Amino acid sequence: MTEKTTMILIVDDTPANLQLLESILKEKGYEVRGAINGPMALKAARLQPPDLVMLDINMPEMNGFEVCRALKEDPALASIPVIFVSAAVETADKLRAFDEGGVDYVTKPFQAQEVLARVETHLELSRVRGALQRQNAELARTLEHLTRAQVHLVQSEKMAALGLLTAGVAHELNNPLNFIAASVQGLKKTVAPIDELMALCQALPGGICDEVIGRIETWCRENELGELRESMNELVNNACYGANRAAEIVSSLRIFSRMDEADRKSVNLHECLDAALLLLNGSYKDRIRIERHYDDLPPWLCQPGRLNQVFMNLLANAVDAIMAQPEKVDATIRVSTRMEERDGRCCAVVEVADSGVGMTDEVRKHLFEPFFTTKEVGKGVGLGLSISHGIVRDHQGVIEVESRAGQGSAFRVILPQLET
Ligand SMILES: Nc1ncnc2c1ncn2[C@@H]1O[C@H](COP(=O)(O)OP(=O)(O)OP(=O)(O)O)[C@@H](O)[C@H]1O
Ligand SMILES: [Mg+2]
């Protein structure tokens with residue numbers, strides 16, 4: 001195969017050799033340039049890099065090996081294939097030619113056909129190598145993009161979890177705090193007359209007993225003592241309930257805030273599920289009944305922070321699937337756990353089943369793809385399940401899905417027991 005635009009540089013100090021090669025190559029349609037010594041050849045190559053160099057070895061001033069070395073040391077010229085052409089037939093010479101970076105060796109006197117065959121082969125190889133290098137560069141660029149996208153995804157993973165978490169916590173803490181605030185306000189009103197009574201009691205030992213006793217009697221007439229005590233107790237109880245609830249939420253948060261822990265740890269998976277349910281409570285409270293069916297599970301070795309995100313994503317999806325059917329009564333999320341043997345490995349199975357909208361086969365096909373969502377803009381990003389899939393895979397596990405459109409869905413997380 002010949003190409004008009006292919007340029008070959010011939011370097012030989014014997015004009016007759018130069019002309020012979022030139023005519024063979026020109027006849028085949030190659031553009032040919034000649035140089036009668038090394039320095040000239042390097043100058044010509046730098047001025048306009050050729051596609052291939054045919055290089056004599058024995059030349060005065062600078063021999064072929066030195067010219068080849070100089071070409072290979074120049075990054076702009078290093079990839080140009082060099083074919084040595086020489087009468088020297090010692091094996092050592094041939095070996096040195098390859099050592100210096102030559103791709104082939106033609107012995108003088110040569111056959112025109114042989115020279116052309118070798119030239120064409122090396123031009124083709126060079127073209128293929130160039131194409132491969134370009135593809136490699138393209139692949140390297142793609143890999144860099146992917147790495148950047150992955151970093152972005154990890155960031156999104158944290159942000160998505162953080163978003164769910166912040167909303168849940170704000171909602172949940174608001175309730176008990178309102179309880180405490182209201183109780184304390186009530187207590188303040190109740191405490192005012194009691195404060196008055198205590199002041200009277202303080203005055204008793206002073207001697208003017210009759211007057212003080214009279215005022216205490218008036219106080220008792222004006223204040224319903226029984227009612228006061230009852231309301232005081234109730235308010236104190238309410239404040240305590242609020243405080244305990246707030247403490248529970250903070251403790252769930254502690255379980256959840258293992259978020260950044262990459263380390264493996266043995267944890268109680270039920271605690272993780274309860275924490276996620278509690279933090280999501282605000283989004284379903286009055287609408288959905290939660291059924292828990294927890295089996296006996298031993299402490300499970302996992303990356304708790306990341307697994308919490310899986311549970312949170314599955315539960316949040318279950319809540320969304322139910323909320324998408326506001327008219328449907330008897331909405332339930334069933335959270336269950338059990339031990340199972342899969343492929344000879346002992347596994348913990350965590351199942352989140354909802355009575356929500358379910359999904360079509362088409363949705364199921366794309367479920368775990370990043371950014372696949374059927375939710376309206378602002379409601380879903382489409383990352384929850386793809387992130388969860390990655391996390392469960394990192395735990396050597398799988399997520400199984402069963403769903404019937406209009407009936408509900410069940411997501412099963414299978415977590416094999418990991419070696420310590
Ligand atoms: N329990 C479920 N019931 C019905 N459809 C579901 C359920 N879980 C997931 N899906 C479907 O799978 C899609 C992808 O879920 P995924 O959790 O990955 O993203 P998302 O919930 O839409 O957004 P994000 O979780 O990022 O906020 C959902 O949009 C929904 O169509
Ligand atoms: Mg989701």
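Criteria and cut-off values
- Residues numbered from 1 in each chain as written.
- Chains lettered and ligands numbered in written order.
- Predicted model: local features only at pLDDT ≥ 70, side-chain atom pairs only at ≥ 80, totals over all residues.
- Heavy atoms only, no water.
- Helix = DSSP H or I, 4+ residues; strand = E, 2+ residues; numbered from the N terminus.
- Rg over C-alpha atoms; globule rule 2.2 N^0.38 Å.
- Buried < 20%, exposed > 50% of the residue type's maximum accessible area, 1.4 Å probe, protein only.
- Contact = heavy atoms within 4.5 Å.
- Areas by Shrake-Rupley, 256 points an atom, 1.4 Å probe, with all protein chains shown as cover.
- Lys, Arg positive; Asp, Glu negative; His and termini not counted.
- Charge placed at Lys NZ, Arg CZ, Asp CG, Glu CD.
- Phe/Tyr/Trp six-rings, centres within 6.5 Å; stacked < 30°, edge-to-face > 60°.
- Salt bridge = Lys/Arg side-chain N within 4 Å of Asp/Glu carboxyl O.
- Pairing = 2+ DSSP bridges.
- Right-handed = clockwise from strand over helix to strand, strands pointing away.
- Domains from an automatic or database assignment.
- Near = heavy atom within 4 Å.
- Polar contact = N/O pair within 3.5 Å; in protein donor to acceptor, adjacent residues only side chain to side chain.
- Nonpolar A, V, L, I, M, F, W, Y, C, P; charged D, E, K, R; others polar.
- Core = buried A, V, L, I, M, F, W, Y, C linked by side-chain atoms within 4.5 Å.
- Arc of directions from axis to C-beta.

Attention now goes to the overall build of the protein. Helix and strand counts for the protein stand at 11 helices and 12 strands. Its C-alpha atoms give the protein a radius of gyration of 42 Å, more than 25% over the compact-globule value 22 Å for 420 residues. Counting only residues that meet the buried cut, the protein has 42% of its 420 residues in that class. Within the protein, residue pairs in contact and separated by at least 24 positions form 69% of the contacts whose partners lie at least 6 positions apart. Looking at the protein as shown, the accessible area adds up to about 23500 Å², and 54% of this sits on carbon and sulfur atoms. One finds the centroid of the 45 positive side-chain charges in the protein at a distance of 3 Å from the centroid of its 60 negative side-chain charges.

Per the counting criterion, the structure on display carries 2 aromatic pairs. Here the aromatic rings of Phe65 and Phe84 are separated by 5.6 Å at their centres, their planes lie at 55 degrees, and the arrangement is tilted. One end of the pair, Phe65, is in helix H3 (residues 64–73); the other, Phe84, is in strand E4 (residues 82–86), with 19 residues separating them in the sequence. The exposure classification of Phe65 matches that of Phe84, with both residues buried.

Take the pattern of salt bridges next. Enumeration according to the criterion identifies 23 salt bridges in this entry. Measuring nitrogen to oxygen at the nearest pair gives 2.9 Å for the salt bridge that ties Arg342 to Glu340. Note that Glu351 and Arg412 form a salt bridge whose closest N and O atoms lie 3.0 Å from each other. Here Glu351, found in strand E10 (residues 345–354), pairs with Arg412, found in strand E12 (residues 408–416); they are 61 residues apart in sequence, far enough to count as distant. Through salt bridges that share partners, Arg338, Glu340, Arg342, Glu351, Glu400, Glu402 and Arg412 make up one connected network.

Strand E1 (residues 7–11) sits mainly inside the fold: 5 of its 5 residues count as buried. Side chains Met7, Leu9 and Val11 of E1 all project onto a buried face; the interleaved residues Ile8 and Ile10 project onto the opposite face, where all are buried too. As judged from the 5 bridges shared by E1 and strand E2 (residues 31–35), these two strands associate in the parallel manner. Within E2, the position partnered with Ile10 by the bridge is Gly34. Once you follow E1 into helix H1 (residues 15–27) and on to E2, the crossover reads as right-handed. Bridge count between E1 and strand E3 (residues 52–56): 4 bridges; the pairing is parallel. Following the sheet pairing, Ile10 is matched in E3 by Met54.

This part covers unusual backbone geometry. Looking along the chain, the bond that leaves Lys108 and enters Pro109 is cis, with omega of -5 degrees. As for its position among the elements, Pro109 is in the loop between strand E5 (104–107) and helix H5 (112–203). Positive phi outside glycine occurs at Asp343, with the angle close to 50 degrees. Relative to the elements of secondary structure, Asp343 occurs in the loop between strand E9 (331–342) and E10. Exposure remark for Asp343: the relative accessible area of 81% places this residue in the exposed category.

Let's shift gears to the domain arrangement of the protein. Once the domains are mapped, the protein shows domain 1 (7–110) and domain 2 (261–420). Computed over C-alpha atoms only, the centres of domain 1 and domain 2 are separated by 69 Å.

This part takes up the side chain of Ser355. Inspection of the secondary structure assignment puts Ser355 in the loop between E10 and helix H10 (361–366). Of the residues examined, Ser355 reaches a relative accessible area of 15% and is grouped as buried.

What follows is about the site of ligand 1. Lining the immediate environment of ligand 1, one finds 19 residues, of which Asn317, Thr373, Thr374, Lys375 and Leu385 sit closest. The backbone of Leu383 places a nitrogen or oxygen atom 2.8 Å from an oxygen atom of ligand 1. Expressed as a share of its isolated accessible area of 590 Å², the protein-covered part of ligand 1 is 91%. Contributions of two or more residues to the shell around ligand 1 are made by helix H9 (304–323), helix H11 (384–394) and E12. Looking at the shell around ligand 1 residue by residue, the classes come out as 9 nonpolar, 8 polar and 2 charged.

The biggest cluster of nonpolar side chains holds 46 residues, and the ones touching the most others in it are Leu269, Ile288, Leu307, Phe311, Leu315, Ile333 and Phe411. Tallying contributions element by element places H9 first for this core, with 10 residues. Ignoring sequence-local partners within four residues, the contact set of Phe311 consists of Leu269, Cys272, Leu273, Ala276 and Val350. Membership of the second largest hydrophobic core comes to 24 residues, among which are Val11, Ala44, Ala45 and Phe65.

The next point concerns helix H2 (residues 38–47). Of all the residues in H2, the buried ones are Gly38, Ala41, Leu42, Ala44 and Ala45. Buried residues of H2, viewed axially, fall in a sector of 165 degrees; they line one side. Exposed and facing more than 90 degrees away from the buried side of H2 are Lys43 and Leu47. Against E1, E2 and H3 lie the buried residues of H2.

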